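What follows is the residue order along each chain.
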Amino acid sequence: NDLKKEVDIFVHDSTFSELKIKSAKNGKVYEFRNDILTKGDGSILAAAPMLKFDRTKKITATTIAGSDNTVVEDMGLNQWEITMSGILVDMSSHQYPSAKMKQLRELFETPDVFEILECQVMTDLGISSIYFDHLNNLQVMEDCPDTVKYELKAKSLSSSILISD
């Protein structure tokens, strides 16, 4: 008797969404990593965010007069629109994460392009740099004063159009 059994193996690898970015102007590095619990939260801004990517095409189309037909004259791609959602947590004193909020605000307010140093998902999508254009949905969590939800929105830049000083 041959006994055959199927075994499902799940590999827990959440590092693909971890993000490490660097300001092109001042060189400051920001990290979003899942090992925030084991490494402490000193140098890490937040755990790896949920990432959502949207992209559309640029299409120039002309409708032919007196016809139901359209001629597509040109087609290209728009920038990636990236939504990063996550939480800021004060892991050390379990109070409102004031220092993390200030870091997040600083990140958003920096008038700069950020180079992607680490993020497998962005690398796979060909994203080498981003800039932030929205910081919204900041929510202090009810019954969790040490936790704040955030949402950052960014757009990708093609490496061929980066402007440096």
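See the structure shown above.
This section reports on the structure supplied with the text. If you're wondering where the values come from, they're calculated on a predicted model, not measured in any experiment.

**Considering the overall build of the chain**
And step 1. The number of helices and strands found in the chain is 3 helices and 9 strands.
And step 2. Shown N-terminal to C-terminal, the secondary structure of the chain runs as helices and strands in the order β-β-α-β-β-β-β-α-β-α-β-β.

**Let's talk about the pattern of salt bridges**
Pairing between side chains becomes possible if they bear opposite charge and their charged atoms approach one another.
And step 1. In the structure shown here, the tally under the stated rule is 7 salt bridges.
And step 2. Across the pair Arg33 and Glu118 runs a salt bridge whose closest N-O atoms are separated by 3.6 Å. On the criterion of sequence distance, the pair formed by Arg33 in the loop between strand E2 (29-32) and helix H1 (36-39) and Glu118 in strand E7 (residues 114-118) is long-range, its members being 85 residues apart.
And step 3. Judged by relative accessible area, Arg33 falls into the buried class, the value being 15%.
And step 4. Each of Glu18, Glu31, Arg33 and Glu118 takes part in a single network of salt bridges with overlapping partners.

**Thoughts on the nonpolar core**
And step 1. One finds Phe32, Ile82, Leu107 and Phe132 to be the most contacted residues of the largest nonpolar core, which totals 26 residues.
And step 2. At the level of elements, strand E1 (19-23), E2, strand E6 (81-89), helix H2 (98-109), E7, helix H3 (120-124), strand E8 (129-140) and strand E9 (147-157) are the ones that each hand at least two residues to this core.
And step 3. A total of 4 residues in this core trace back to one element, the largest contributor, which is E9.
And step 4. Once you skip the residues sitting within four places of it in the chain, Phe132 turns out to touch Ile21, Met84, Leu107, Phe108, Phe114, Leu152, Lys153 and Ala154.

**Topic: the layout of surface pockets**
And step 1. When its volume is computed, the second largest pocket comes out at roughly 150 Å³.
And step 2. Taken together, 10 residues form the lining of the second largest pocket, with Arg55, Gln79, Ser156, Leu157 and Ser158 sitting closest to its centre.
And step 3. In terms of residue class, the lining of the second largest pocket is made up of 5 nonpolar, 4 polar and 1 charged.

**Focus: the environment of Tyr150**
And step 1. For Tyr150, the position within the fold is in strand E9.
And step 2. Exposure remark for Tyr150: the relative accessible area of 2% places this residue in the buried category.
And step 3. A C-alpha to C-alpha distance of 8.1 Å links Tyr150 and Met84, two positions 66 residues apart in sequence.

**Digging into the packing of aromatic side chains**
And step 1. In the structure shown here, the tally under the stated rule is 3 aromatic pairs.
And step 2. On the numbers, 6.1 Å between centres and 90 degrees between planes, the contact of Phe53 with Trp80 is edge-to-face. In this pair, Phe53 sits in strand E3 (residues 50-54) while Trp80 sits in the loop between strand E5 (70-77) and E6, placing the two residues 27 residues apart along the sequence.
And step 3. By relative accessible area, which is 15% here, Trp80 ends up buried.
And step 4. Clustering of aromatic rings is evident, with ring pairs tying together Tyr30, Phe114 and Phe132.

**Remarks on the sheet that holds E2**
And step 1. With antiparallel pairing, 7 strands are arranged side by side in an open sheet as E2-E1-E7-E8-E9-E6-E3. Sheet topology places E2 and E3 at the edges, where each strand pairs with a single neighbour. When strand polarity is set aside, the average angle formed by the axes of neighbouring strands in this sheet is 30 degrees.
And step 2. Along the sheet face, H2 touches E1, E2, E6, E7, E8 and E9 and points at about 145 degrees away from the line of E8.

**Describing the side chain of Glu151**
And step 1. Within the secondary structure, Glu151 is located in strand E9.
And step 2. The side chain of Glu151 is buried and forms no salt bridge, while Lys153, the nearest opposite charge, is found at 4.0 Å.
And step 3. A distance of 3.2 Å separates polar atoms of two side chains, one belonging to Glu151 and the other to Asn137.
And step 4. Apart from the residues lying within four places of it in its own chain, the contact partners of Glu151 are Thr83, Met84, Ser85, His134, Leu135, Asn136 and Asn137.

About the thresholds
- Residues numbered from 1 in each chain as written.
- Predicted model: local features only at pLDDT ≥ 70, side-chain atom pairs only at ≥ 80, totals over all residues.
- Heavy atoms only, no water.
- Helix = DSSP H or I, 4+ residues; strand = E, 2+ residues; numbered from the N terminus.
- Salt bridge = Lys/Arg side-chain N within 4 Å of Asp/Glu carboxyl O.
- Buried < 20%, exposed > 50% of the residue type's maximum accessible area, 1.4 Å probe, protein only.
- Core = buried A, V, L, I, M, F, W, Y, C linked by side-chain atoms within 4.5 Å.
- Contact = heavy atoms within 4.5 Å.
- 1 Å grid on protein atoms, 1.4 Å probe; cavity = no way out; pocket = protein on both sides within 12 Å on 5 of 7 lines; lining within 4 Å.
- Points joined across faces, edges and corners; volume = space filled by probe spheres on them.
- Nonpolar A, V, L, I, M, F, W, Y, C, P; charged D, E, K, R; others polar.
- Phe/Tyr/Trp six-rings, centres within 6.5 Å; stacked < 30°, edge-to-face > 60°.
- Pairing = 2+ DSSP bridges.
- Axes fitted to C-alpha atoms, helices over the stretch in contact; angles between N-to-C directions.
- Lys, Arg positive; Asp, Glu negative; His and termini not counted.
- Polar contact = N/O pair within 3.5 Å; in protein donor to acceptor, adjacent residues only side chain to side chain.

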